[in-house]
Amino acid sequence: MKKLQTVRGTYDLYGDKKRAHNEIIKKASKVAQSFGFEEIETPIFEFTNVFARNLGETSDIVTKEMYCLEDRGGESLTLRPEGTAGVVRSYISEGMQQNLPVKLFYHGPMFRYERPQKGRQRQFTQFGMELIGVETPQADIEIIAAAYNFVNYLDLGGNVVVEINSLGDKESRDNYRDELVAYLKENLDGLSNDSKERLEKNPLRVLDSKDEKDKTIVENAPKFGDYLNAESKEFFKLVLEGLDRLNIEYKVNERLVRGLDYYDHTVFEITTDCLGAQGTVLAGGRYNGLVEQMGGAKTAGIGWACGIERLAMMLKEDIKKPVEAVIIPTGSDVMLEAMEVAYILRTSGIITEQSYTGNMKKRMIKADKMNAKYAIIIGADEVAKETVILKNLDEGTQKEVKVSELIKEIRG
RNA sequence: GCGAAUGUAGCUCAGUUGGUUAGAGCGUCGGUUUGUGGUACCGGAUGUCGCCGGUUCAAAUCCGGUCAUUCGCCCCA
């Protein structure tokens, strides 16, 4: 440690940015609660196996992005790289299957050892929702509707698009994968080196390659939709019908896949064009196999997570520190009286600031910069009469008000 | 993990072919008759020029390394 700085890919959250984060989390929580979800907080680290066994042995997250550490007892622990595995672990360990369905939301820091960029850091914040125990398309529709409602509830600049696809059940997915691999092997020479590697590790990823040569090959590749079996097709159809019914705009993207192994059936993303290479702002999908894979009874599940930092960067306007009133004593002789009035307001829940130094003019300037609605001026004359000058800073009007009437005046 | 760019006051940046005490705007602080803002004027403060090393009589300026950031790839929220 040579210099006082945060470690690579981490940052201090304060001021405008912290307020933006709070605002987003507040709105997301409100939406989640409207949909009947409850908050859960799980530890930010788990036994390494919780992630390593379930996200996919060959996934990038597991092979090169986890922050693993050994505790003093020799246990291998990992800072959570995502939220779902921890929530599902909790679902099993806490015996929540006694009361299905389980509807949970969470938010907090996640950790991935990645190369930092705009919209990508090593410690970042996610908000997520999980709905466990519902097999029907109702769950998909509900969870996507919540995501859609939430993103639209935020005041974002730039276009946001919901993209959706179905990976089908395991049978459909395996069939498709075999066909895709066969096709890609026929065209092996035309593929980029990255895609040759993907072919080995996660063939579906070749579908959303950005390489131009790959794109032309992918154009003619077998289509996912053609390999879904009847049940999977019907399921996806019902999900889309539900979204139509709720007037949720979406775009079916047959090349949309997921990086983590546990997804099946419905997968979806909300993307934007204003964050460079980090276009995905929210992503999720169904994970009908995960609970069983982690040792619980076979139970359906679906959820999503969004990156708070990415959303915060898209917010149209800065969130200002809220101040309703600023107390301005005319001089140090009435400082105590001014503090007393401030205390009365504060204990009534009115956000009240005070100015600490300067002449009247300076104090007024500060009140103005604080964006306060009212300046409350107190001098010796007012103290004698048990009044204050209540000045509306938006309108520029002011009047003398009894201290005992002050709260009523402000609250209107 | 790969490729490229950048790094000067709190912020945004200027700094000519290396040459005295490194600048501007914004912000901040103080003042302009010690009771009134959002649109005035005057003045002040602040920088180990990211860090370490090298070349040179002399480096913010050239070279190497390092750290951090940004862009693209990989991947992902």
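Here is what the cut-offs are and how they apply
- Residues numbered from 1 in each chain as written.
- Chains lettered and ligands numbered in written order.
- Predicted model: local features only at pLDDT ≥ 70, side-chain atom pairs only at ≥ 80, totals over all residues.
- Heavy atoms only, no water.
- Helix = DSSP H or I, 4+ residues; strand = E, 2+ residues; numbered from the N terminus.
- Rg over C-alpha atoms; globule rule 2.2 N^0.38 Å.
- Buried < 20%, exposed > 50% of the residue type's maximum accessible area, 1.4 Å probe, protein only.
- Contact = heavy atoms within 4.5 Å.
- Areas by Shrake-Rupley, 256 points an atom, 1.4 Å probe, with all protein chains shown as cover.
- Lys, Arg positive; Asp, Glu negative; His and termini not counted.
- Charge placed at Lys NZ, Arg CZ, Asp CG, Glu CD.
- Pairing = 2+ DSSP bridges.
- Axes fitted to C-alpha atoms, helices over the stretch in contact; angles between N-to-C directions.
- Near = heavy atom within 4 Å.
- Polar contact = N/O pair within 3.5 Å; in protein donor to acceptor, adjacent residues only side chain to side chain.
- Nonpolar A, V, L, I, M, F, W, Y, C, P; charged D, E, K, R; others polar.
- Core = buried A, V, L, I, M, F, W, Y, C linked by side-chain atoms within 4.5 Å.

Draft legend 1. Broad picture of the overall build of chain A. Of regular secondary structure, chain A possesses 16 helices and 16 strands. For chain A, the C-alpha radius of gyration of 27 Å lies well beyond 22 Å, the compact-globule estimate for 412 residues. For chain A, the C-alpha atoms occupy an extent of roughly 90 × 55 × 45 Å along the three principal directions. Split into buried and exposed, the 412 residues of chain A put 49% on the buried side. Partitioning the contacts of chain A with sequence separation of at least 6, the portion at a separation of at least 24 is 69%. On chain A, roughly 21,700 Å² of surface is accessible, and the fraction owed to carbon and sulfur atoms is 48%. Distance between charge centres in chain A, computed from 57 positive and 66 negative side chains, equals 6 Å.

Draft legend 2. Main features of the sheet that holds strand β10 (residues 280-286). Taking strand neighbours across the sheet as the criterion, the eight strands line up as β1-β5-β6-β11-β10-β9-β7-β8 in an open arrangement whose pairing is mixed. If you trace the sheet from one side to the other, it starts and ends with β1 (38-39) and β8 (251-252), each paired once. Two elements, strand β7 (residues 160-166) and β8, share two bridges in a ladder whose sense is parallel. Directly across from Glu163, in β8, lies its bridge partner Lys251. Strands β7, β8, β9 (264-272) and β10 of the sheet are contacted by helix α10 (residues 230-245), whose axis makes an angle of about 155° with β7.

Draft legend 3. Quick peek at the protein's contact with RNA strand B. What surrounds RNA strand B is a group of 53 residues, the closest being Arg112, Arg120, Arg198, Arg205 and Leu393. A share of 53% is what sugar and phosphate atoms reach among the atoms of RNA strand B within 4 Å of the protein. Between RNA strand B and the protein, one listed contact pairs a base oxygen with a side-chain N or O atom of Arg310 at 2.9 Å. One nitrogen or oxygen atom from the main chain of Asp394 is found 3.4 Å from a base nitrogen belonging to RNA strand B. For the surface near RNA strand B, the secondary-structure elements that each account for two or more residues are α3 (60-65), β6 (123-132), α7 (193-201), β10, β11 (301-307), α14 (360-369), α15 (380-385) and β15 (387-392). Ranked by residues supplied to the surface near RNA strand B, first place goes to α14 with eight residues. Among the residues forming the surface near RNA strand B, the class breakdown is 14 nonpolar, 15 polar and 24 charged.

Draft legend 4. Focus on the pairing of β6. Of all the 10 residues making up β6, nine are buried; the element is thus mostly covered by neighbouring parts of the structure. Where strand β5 (residues 102-111) meets β6, 10 bridges bridge the pair, whose relative direction is antiparallel. Looking at the pairing, Phe105 lines up with Met129 of β6.

Draft legend 5. Summary view of the environment of Lys369. Note on placement: Lys369 falls in helix α14. Exposure remark for Lys369: the relative accessible area of 67% places this residue in the exposed category. Residues Lys369 and Val87 lie 282 residues apart in sequence; the distance between their C-alpha atoms is 44 Å.

Draft legend 6. Quick peek at the nonpolar core. Membership of the largest hydrophobic core comes to 46 residues, with the highest contact counts inside it found for Leu55 and Leu184. Looking at this core, the elements with two or more residues in it are α2 (48-52), α3, α4 (84-93), β5, β6, α6 (170-186), α8 (212-219) and α11 (290-293). Not counting chain neighbours up to four residues away, the residues in contact with Leu55 comprise Ile61, Val62, Pro81, Glu82, Ala85, Leu260, Asp261 and Tyr262. Listed in part, the 45 residues of the second largest apolar core include Ile25, Leu243, Leu275 and Met314.

Draft legend 7. View of the sheet that holds strand β3 (residues 67-70). Reading across the sheet, the three strands line up as β2-β4-β3 and stay open at both edges, with antiparallel pairing between neighbours. Taken across any chain shown, the strands that pair with only one partner, and hence form the sheet edges, are β2 (45-47) and β3. For this sheet the average axis-to-axis angle between neighbouring strands, irrespective of direction, equals 35°. Across four bridges, β3 lies against strand β4 (residues 76-79) in antiparallel orientation. Within the sheet, the bridge partner assigned to Cys68 lies in β4 and is Thr78.

Draft legend 8. Representation of the side chain of Ser166. When you line up the elements, Ser166 lands in strand β7. When neighbours within four sequence positions are excluded, Ser166 is seen to be in contact with Phe224, Leu228, Phe236, His265 and Thr266.

Draft legend 9. Inspection of the environment of Gly9 at higher detail. Mapped onto the fold, Gly9 is located in the segment before α1 (15-34). Accessibility expressed as a relative area gives 15% for Gly9, which makes it buried. If sequence neighbours within four positions are ignored, Gly9 has contacts with Pro116, Gln121, Arg122 and Gln123.

Draft legend 10. Structural detail: the side chain of Ser195. Inspection of the secondary structure puts Ser195 in helix α7. For Ser195, a relative accessible area of 0% puts it in the buried group. In terms of polar contacts, Ser195 uses its side chain to reach the side chain of Asp214, at 2.6 Å. For Ser195, the contacting residues outside a window of four places in its chain are Val206, Ser209 and Asp214.

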